[in-house]
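Residue-level structure breakdown
Now for the letters of each chain:
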Amino acid sequence: MDRNKDGLAWGATGTAVRIAQSMGLHRHSAVRPSEQHGIQRRDQQLFHARIWAVCCCLEKMGQLECGRPSAIGVVNTDQMMAADQRAPGHDFLQWNMALAEVQHDISTHLYGHQPGERTAKQILLDTARLDKKLLLWPSLVPAELRPGNDLLCGDNQLHLAAFMSFQYHQSVIAVHRAALIQPIAALQREIDKLLPDNDARYRLRGGEAICVSSARAVARITIELMERKLDSRLLSAGPALLACVVLATFIVKNPGGRMQLSDLEVRASSDIDIRWRLTILSSC
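What counts as what
Counting of residues starts from 1 at the beginning of each chain's written sequence and follows it residue by residue. Confidence filtering applies because this is a predicted model: local features only for residues at pLDDT of at least 70, side-chain atom pairs given and counted only at 80 or more, and all residues used for totals across whole chains, interfaces and linings. Calculation of side-chain values draws on the structure's entire complement of heavy atoms; hydrogens and water are dropped beforehand. Simply put, an axis is a line fit to the C-alpha atoms, just over the touching stretch for a helix, and the angle between two N-to-C directions goes from 0 to 180 degrees. Only DSSP runs of H or I reaching four residues or more are called helices, and only runs of E reaching two or more are called strands; each is numbered from the N terminus. Roughly parallel means an angle under 35 degrees; roughly antiparallel, over 145; roughly perpendicular, 65 to 115; everything else is oblique. Crossing handedness is defined as follows: a turn of the near helix away from the far one that is anticlockwise and smaller than a right angle gives a left-handed crossing, while the clockwise case is right-handed. Residues are treated as being in contact if the distance between any of their heavy atoms lies within 4.5 Å. Following the grouping adopted for this structure description, the nonpolar residues are Ala, Val, Leu, Ile, Met, Phe, Trp, Tyr, Cys and Pro, the charged ones are Asp, Glu, Lys and Arg, and the polar ones are all others, Gly among them. Confidence of the predictor at the level of single residues is given by pLDDT, which spans 0 to 100. Here a Phe, Tyr or Trp ring, Trp counted by its six-membered ring, pairs with any other such ring whose centre lies within 6.5 Å, and the pair is stacked when the planes are under 30 degrees apart, edge-to-face when over 60, and tilted otherwise. Each residue gets one of three labels from its accessible area relative to the maximum for its type: buried under 20%, exposed over 50%, partly exposed in between, using a 1.4 Å probe on protein chains only. Working rule for helices: expected span equals 1.5 Å times residues minus one. What the arc describes is the spread of directions from the helix axis to the C-beta atoms. Joining through side-chain atoms within 4.5 Å is the link that ties buried Ala, Val, Leu, Ile, Met, Phe, Trp, Tyr and Cys residues into a set, and such a set is a nonpolar core. A 3.5 Å cut-off defines polar contacts: any pair of N or O atoms within that distance qualifies, except that in protein one atom must be a possible hydrogen donor and the other a possible acceptor, and neighbouring residues in sequence count only when both atoms are side-chain atoms. The term salt bridge refers to a pairing of a side-chain nitrogen on Lys or Arg with a carboxyl oxygen on Asp or Glu at a separation within 4 Å.

1. As for the packing of helix α5 (residues 155–181) against helix α8 (residues 207–227)
Helix-helix packing is characterised by the crossing angle of the two axes and by the distance between the axes. Two elements in contact, α5 and α8, have axes whose closest approach is 8 Å; the angle formed by their N-to-C orientations is 155°. In this view, α5 runs roughly antiparallel relative to α8, as classed from their interaxial angle. Crossing of α5 against α8: the hand is left-handed. Between α5 and α8, the residues in contact are Leu-158, Ala-162, Ser-165, Phe-166, His-169, Val-172, Ile-173, His-176, Arg-177, Ala-179 and Leu-180 and Gly-207, Glu-208, Ile-210, Cys-211, Ser-214, Ala-215, Ala-217, Val-218, Ile-221, Thr-222, Glu-224 and Leu-225, respectively. Here the residues of the contact of α5 with α8 are counted per class, giving 14 nonpolar, six polar and three charged.

Written out as structure tokens, the structure reads:
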């Protein structure tokens, strides 16, 4: 299915995840194996656990990107495999599953509460908690593949590292997106009033800058992929489009900024990549 048909693709993915759950794949944990279906062999348990991990990652990615309801209420790396069963070398799925845990919490924070259910202070505290989780997650990934750093891996791993970086930066933007939309001075006054002694207030006050930094990182990786002439069906136009929206919003809010020209150039390069991907994919 072409990656430019996002609505249809997420609908089909959601159906597949629900079928997998109805089959009981989420019960085949290598840490807490279920005997319900008689699967006793460790390699078969691992096989089912990794399939379920892929389902969790896709489901939480879709929930975060478009706000669609999720059928998976619990996401935990313990559902995947025991420490002694992990494959040698780089295990991108294990890292992605850990990020899916954080994405699950972010989606609950954004979409799982009724208006008026939380106070403004509680919303800020929840934002700070999720921001801290996102700050800790990259430490699981080796330096040459780590989101937030330059990706120094070879071409054979760059598309996986880029995909993981895109997911990380999209999550960061989702956590801090309120700061991008609201007038920055009013938001900072509210943070100082509600969290005067909380160390997290500095990150919350800088939410707009954090969003823009993540958008620039997505655009930079997108341009690097173009320069290396690399493409993969893992990589859609969605992250580049999000980066364009974030940078455009920032430019409108700060028309006299010193970084305006460079942001416009980066945004234009990302636009070119979006059109190139959609043109290629529509002919597949």
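Moving on from the model shown.
2. Some words on the confidence of the model for the protein chain
This prediction gives the protein chain a mean pLDDT of 79; 75% of its residues lie at or above 70. Predicted confidence is poor over residues 276–284, with pLDDT under 50, and the contacts of this stretch with residues over four places away or in other chains come to 17 contacts.

3. A look at the packing of aromatic side chains
Two aromatic rings, taken as a pair, are described by how far apart their centres are and by the angle between their planes. Throughout the structure, instances matching the rule amount to two aromatic pairs. Plain terms: the ring middles of Phe-92 and Trp-95 are 5.3 Å apart, the flat faces sit at 75° to each other, and that makes the pair edge-to-face. Separated by three residues within a single helix, Phe-92 and Trp-95 lie in helix α3 (residues 92–111), roughly one turn from each other. With respect to class, Phe-92 is no different from Trp-95; both count as buried. Here Trp-137 and Tyr-168 contribute two aromatic rings whose centre-to-centre distance is 5.6 Å and whose plane-to-plane angle is 20°, an arrangement assigned as stacked. Here Trp-137 is found in the loop between α4 (120–136) and α5, whereas its partner Tyr-168 is found in helix α5, with 31 residues between them in sequence. Like Trp-137, the residue Tyr-168 is buried in the burial classification.

4. Concerning the side chain of Asp-131
With respect to the helices and strands, Asp-131 occurs in helix α4. Residues within four places of Asp-131 in sequence aside, it is in contact with Val-175, His-176 and Arg-203.

5. Notes on helix α9 (residues 238–253)
With 16 residues, α9 should reach 22 Å at 1.5 Å per residue; the first-to-last C-alpha distance of 23 Å fits that figure. Taken together, the buried positions of α9 are occupied by Pro-239, Ala-240, Ala-243, Cys-244, Val-246, Leu-247, Phe-250 and Ile-251. Angularly, the buried residues of α9 cover 165° about the axis, an arc narrow enough to put them on a single face.

6. A look at α4
Its 17 residues give α4 an end-to-end C-alpha distance of 25 Å, which sits within 8% of 24 Å, the value for a rise of 1.5 Å per residue. For α4, the set of buried residues is Leu-124, Asp-126, Thr-127, Ala-128, Leu-130, Asp-131 and Leu-134. At its buried positions, α4 is contacted by α3, α5, α6 (184–194) and α7 (201–205).

7. Structural notes on the nonpolar core
Ranked by internal contacts, the top residues of the largest apolar core, which has 41 residues, are Ile-106, Leu-134, Trp-137 and Leu-225. Those elements that place two or more of their residues in this core are α2 (42–66), α3, α4, α5, α8 and α9. By residue number, the principal contributor to this core is α5, which donates twelve residues. Other than its neighbours up to four places away in sequence, Ile-106 contacts Leu-64, Leu-130, Leu-134, Ser-171, Ala-174 and Val-175. Grouped together as the second largest cluster of nonpolar side chains are 13 residues, Leu-25, Cys-55, Cys-56 and Met-97 included.

8. Some remarks on the packing of α3 against α5
Where α3 contacts α5, the two axes come as close as 10 Å, and the packing angle between them is 20°. As the angle between them shows, α3 and α5 are arranged roughly parallel. Two packed elements cross with a definite hand, and for α3 against α5 that hand is left-handed. Judged by residue contacts, Phe-92, Trp-95, Asn-96, Leu-99, Gln-103, Ile-106, Leu-110 and Tyr-111 of α3 engage Gln-157, Leu-160, Ala-161, Phe-163, Met-164, Gln-167, Tyr-168, Ser-171, Ala-174, Val-175 and Arg-177 from α5. The class makeup of the residues in the contact of α3 with α5 is 13 nonpolar, five polar and one charged.

9. Quick word on the side chain of Asp-91
Tracing the chain through its elements places Asp-91 in the loop between α2 and α3. Engagement of the side chain of Asp-91 in a polar contact is seen with the side chain of Arg-50, the distance being 3.2 Å.

10. Focus on the pattern of salt bridges
Summed over all chains, the structure comprises nine salt bridges. Asp-105 is the partner of Lys-133 in a salt bridge, and the nearest nitrogen-oxygen pair spans 2.5 Å. Separated by 28 residues along the polypeptide, Lys-133 in helix α4 and Asp-105 in helix α3 bring together distant segments of the chain. Asp-105 sits in the partly exposed class, given a relative accessible area of 22%. Salt bridges sharing common partners tie together Arg-118, Asp-126 and Arg-129.

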